Amino acid sequence: MMAYQTVNPYTEQTVKTYPEHTDAQAFEALGRADAAFKSADWGQGPIEKRLSVLSKIADLFDERADDLAHAASIEMGKRFSDAKEEVKLCGGIARFYADHAKEQLKPTPCETSLGEAWIENAPIGALVAVEPWNFPFYQLVRVVAPAFAVGNSVLIKHAEIVPHCAELFEALVRDAGAPDGACVNLFITPDQVAALIGDDRVQGVALTGSERAGAAVAATAAKHLKKSTLELGGMDIFAVLDDADLARAIKIGTAARLSNAGQVCTAAKRFIVHEKVADAFIAGLKTEFEKARLGDPLDPATTLQPMSSKAALETIAKQVDEAVKHGAQVLTGGKVADRTGFFYEPTILTGIDKNSPSFKSEFFGPVAQVYVVKSEDELVALANDSPYGLGGSVFSKDYERAKKLASQIETGMVFINQWTSTAPELPFGGVKRSGYGRELGDLGIMEFVNRKLVVVAHG
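First, a word on what this report is: a plain description of the structure on this page. Here the structure is a predicted model, which is why all the values come from computation and not from measurement.

This part is about the sheet that holds strand β14 (residues 367-373). The strand order β12-β13-β14-β11-β10-β16-β17 describes an open sheet built from seven strands, whose pairing is mixed. Sheet topology places β12 (329-332) and β17 (415-416) at the edges, where each strand pairs with a single neighbour. Sheet topology note: the strand β11 (residues 270-274)/β14 ladder contains five bridges and is parallel. Counterpart to His 274 in the pairing with β14 is Val 373. Relative to strand β10 (residues 237-240), helix α9 (residues 246-258) is tilted by about 170°, and along the sheet it contacts β10, β11, β14 and β16 (392-395).

Structure representation (structure tokens):
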């Protein structure tokens, strides 16, 4: 297993290495998390105190935006301006639950002949959150914020390449007034994660990551009868119909594929374009890809950041080479950039055959796959011919036409005339091998609650 360490993707230099927590330290942390959950002053206490802490968390995200964004730029190469947007979103998520959780969690009456009945929403215990590096703060707050509102505590196992971001998040939560144990960061191994899940004090697991990691964690959770939510890979479509605003589709499509160096679960990975506009769209996309300016994530002039790690760069390079080996054509890019830093050239692939292994593989980098179709039926069939179902986009000036298509696409989310995005009030999640469960919004807060029925018999 790779050590927890900060390696600057732009300079390729190791900044700091972090020691892993021992088994004893991990279970001591679980003891503190369990105590926070059981505390009459926190998990079992009035919701108002927890919502006050969430409000302060939102304030601290705003106050510390520059420092947090800088850390993300250094650790995983995120452009500074994008990192600041991520931090802003984190503050928005914390504030959303601070403002709305009391209403979301209020008891719901049930009509019954047995008497007076209602459903209460109670906390269930400590949660384990296994989270990825690509949005090092957002991935954490979207688990922690609703958990705090409910009264659950959270043990965080963050990705090995963003340990400093994990520490900064834990410190921010503590400084906002959360009690000891409410949110604990752990530098632990997958085996230690499995051991924690097996403990009776842990009652839920949230994971965002690869299909392989999700399957392993879900199997462990199921073995111990624990609730889990998974947000895994995606092969999101970016559908461009023959009546689409091409200039807008090209501009948004470029951002949807190259943002965060393409390292986004909901990035536009498969561009499915109607044959009537295919030549114009592909030409425009190629022009925009070739305008990308590779450089220092801290430099405002940079438009394409490096990949997050050497391993990520090697993986995307191998995937493109494999696609070409099986018949794909490279319209632009197609190789590792000849410079210092983990940079991969913006790449457009066409001609990927359905029999190619690349056809159903997620490309987690700045690589676009382009397919041309003759009809809406062909578009839907191609869109659904994927093991994944996370998000997707449909571009058309005819909203009714686009909405009809959106209803036929097998994903958890579809956006019309914009790329798959996120907001505090919108539930986020997918179907098929993209996972199950939802985070954010009204649905997300209800994933890890005890929906307790209470009935009072009259007479």
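Right, picking up where we left off after that structure.
Moving on to a nonpolar patch on the surface. On the surface, Leu 114, Leu 453 and Val 455 cluster together to form a nonpolar patch covering roughly 300 Å² of accessible area. Looking at where Leu 453 falls in the secondary structure, it is placed in strand β20 (residues 450-456). Using a relative accessible area of 55% as the deciding quantity, one classes Leu 453 as exposed.

We now examine α9. For an α-helix the count is 3.6 residues per turn, leaving residues at separations of three or four pointing the same way. Between its first and last C-alpha atoms α9 spans 18 Å; for 13 residues at 1.5 Å apiece the expected length is 18 Å, and the two agree. Turning to α9, its buried residues number three or more, namely Ala 249, Ile 250, Ile 252, Gly 253, Thr 254, Ala 256, Arg 257 and Leu 258. Taken together, the buried residues of α9 touch β10, β11, α10 (278-290), β14 and β16. A positive backbone phi angle near 60° is found at Asn 260, which sits one or two residues after α9.

On to the nonpolar core. One finds Ile 57, Phe 61, Phe 148 and Phe 169 to be the most contacted residues of the largest nonpolar core, which totals 65 residues. Those elements giving two or more residues to this core turn out to be α2 (47-63), α3 (65-76), α4 (80-104), β5 (126-130), α5 (138-150), β6 (153-157) and α6 (163-175). Residues contacting Phe 61, with those up to four places away along its chain left out, are Leu 68, Val 87, Cys 90, Gly 91, Phe 137, Val 141, Phe 169 and Leu 172.

Below, the discussion takes up α3. For α3, which comprises twelve residues, the first-to-last C-alpha distance of 16 Å matches the rise-based estimate of 16 Å (1.5 Å per residue) to within 8%. The buried count for α3 comes to nine of twelve residues, which makes it a mostly enclosed element. Of all the residues in α3, the buried ones are Ala 65, Leu 68, Ala 69, Ala 71, Ala 72, Ser 73, Ile 74, Glu 75 and Met 76. Next to the buried residues of α3 lie β1 (4-7), β2 (14-18), α2, α4 and α6. In the segment just after α3, Gly 77 is the residue with positive phi, at about 80°.

Moving on: the side chain of Thr 420. With respect to the helices and strands, the residue Thr 420 is situated in the loop between β17 and β18 (431-432). Within the structure, the side chain of Thr 420 is placed 3.0 Å from the backbone nitrogen of Gly 392, a separation counted as a polar contact. Residues within four places of Thr 420 in sequence aside, it is in contact with Asp 236, Thr 266, Gly 391, Gly 392, Ser 393, Met 413 and Phe 415.

So, on to the pairing of β6. Counting buried positions along β6 gives five out of five residues, so the element sits mostly inside the fold. Taken together, β5, α5 and β6 constitute a β-α-β crossover, and its handedness is right-handed. Where β6 and strand β7 (residues 183-185) come together, three bridges link them in parallel fashion. Bridge pairing links Val 154 to Cys 183 in β7.

This structure, assessed with the given rule, holds twelve aromatic pairs. Here the aromatic rings of Tyr 4 and Phe 187 are separated by 4.8 Å at their centres, their planes lie at 40°, and the arrangement is tilted. Of this pair, Tyr 4 sits in strand β1 while Phe 187 sits in the loop between β7 and α7 (190-197); the two residues are 183 residues apart in sequence, bridging distant segments of the chain. Its relative accessible area of 4% is what places Phe 187 among the buried residues. Linked through ring pairs, Phe 238, Phe 271, Phe 281 and Phe 395 together constitute an aromatic cluster. One residue, Arg 142, lies across the ring of Phe 428, its end atom 4.5 Å from the ring centre. Positioned over the ring face of Phe 448 is Lys 227, at 5.5 Å from the centre of the ring.

As a further point, take the sheet that holds strand β4 (residues 116-122). Reading across from one edge, β3-β4-β20 is the order of the three strands in this open sheet, with antiparallel pairing throughout. The open sheet has two edge strands with one neighbour each: β3 (108-110) and β20. The average undirected angle you get between the axes of adjacent strands in this sheet is 30°. In this sheet, β20 lies alongside β4 in antiparallel orientation, the contact comprising seven bridges. Of the residues in β20, the one forming a bridge with Ile 119 is Leu 453.

With that out of the way, let us pick up unusual backbone geometry. Positioned with a positive phi, Ala 261 is a non-glycine residue whose angle comes to about 55°. A relative accessible area of 0% places Ala 261 in the buried class. Despite not being glycine, Asn 417 shows a phi value in the positive range, around 65°. Along the polypeptide, Asn 417 turns up in the loop between β17 and β18.

Let us now look at the pairing of β10. The side-chain alternation of β10 yields two buried faces, one formed by Ile 237 and Ala 239 and the other by Phe 238 and Val 240. In terms of strand pairing, β10 meets β11 through four bridges, oriented parallel. Across the sheet, the residue bridging to Ile 237 is Arg 270, located in β11. For the handedness criterion, the β-α-β arrangement of β10, α9 and β11 is classed as right-handed.

Calculation notes
Residues numbered from 1 in each chain as written. Predicted model: local features only at pLDDT ≥ 70, side-chain atom pairs only at ≥ 80, totals over all residues. Heavy atoms only, no water. Pairing = 2+ DSSP bridges. Helix = DSSP H or I, 4+ residues; strand = E, 2+ residues; numbered from the N terminus. Contact = heavy atoms within 4.5 Å. Axes fitted to C-alpha atoms, helices over the stretch in contact; angles between N-to-C directions. Patch = residues over 30% accessible without salt bridge, like charges linked within 9 Å, V, L, I, M, F, W, Y side chains within 5 Å. Areas by Shrake-Rupley, 256 points an atom, 1.4 Å probe, with all protein chains shown as cover. Salt bridge = Lys/Arg side-chain N within 4 Å of Asp/Glu carboxyl O. Buried < 20%, exposed > 50% of the residue type's maximum accessible area, 1.4 Å probe, protein only. Expected span 1.5 Å × (residues − 1). Core = buried A, V, L, I, M, F, W, Y, C linked by side-chain atoms within 4.5 Å. Polar contact = N/O pair within 3.5 Å; in protein donor to acceptor, adjacent residues only side chain to side chain. Right-handed = clockwise from strand over helix to strand, strands pointing away. Phe/Tyr/Trp six-rings, centres within 6.5 Å; stacked < 30°, edge-to-face > 60°. Lys NZ or Arg CZ within 6 Å of the ring centre and 35° of its normal.

That's the geometry; what it means functionally is another story.
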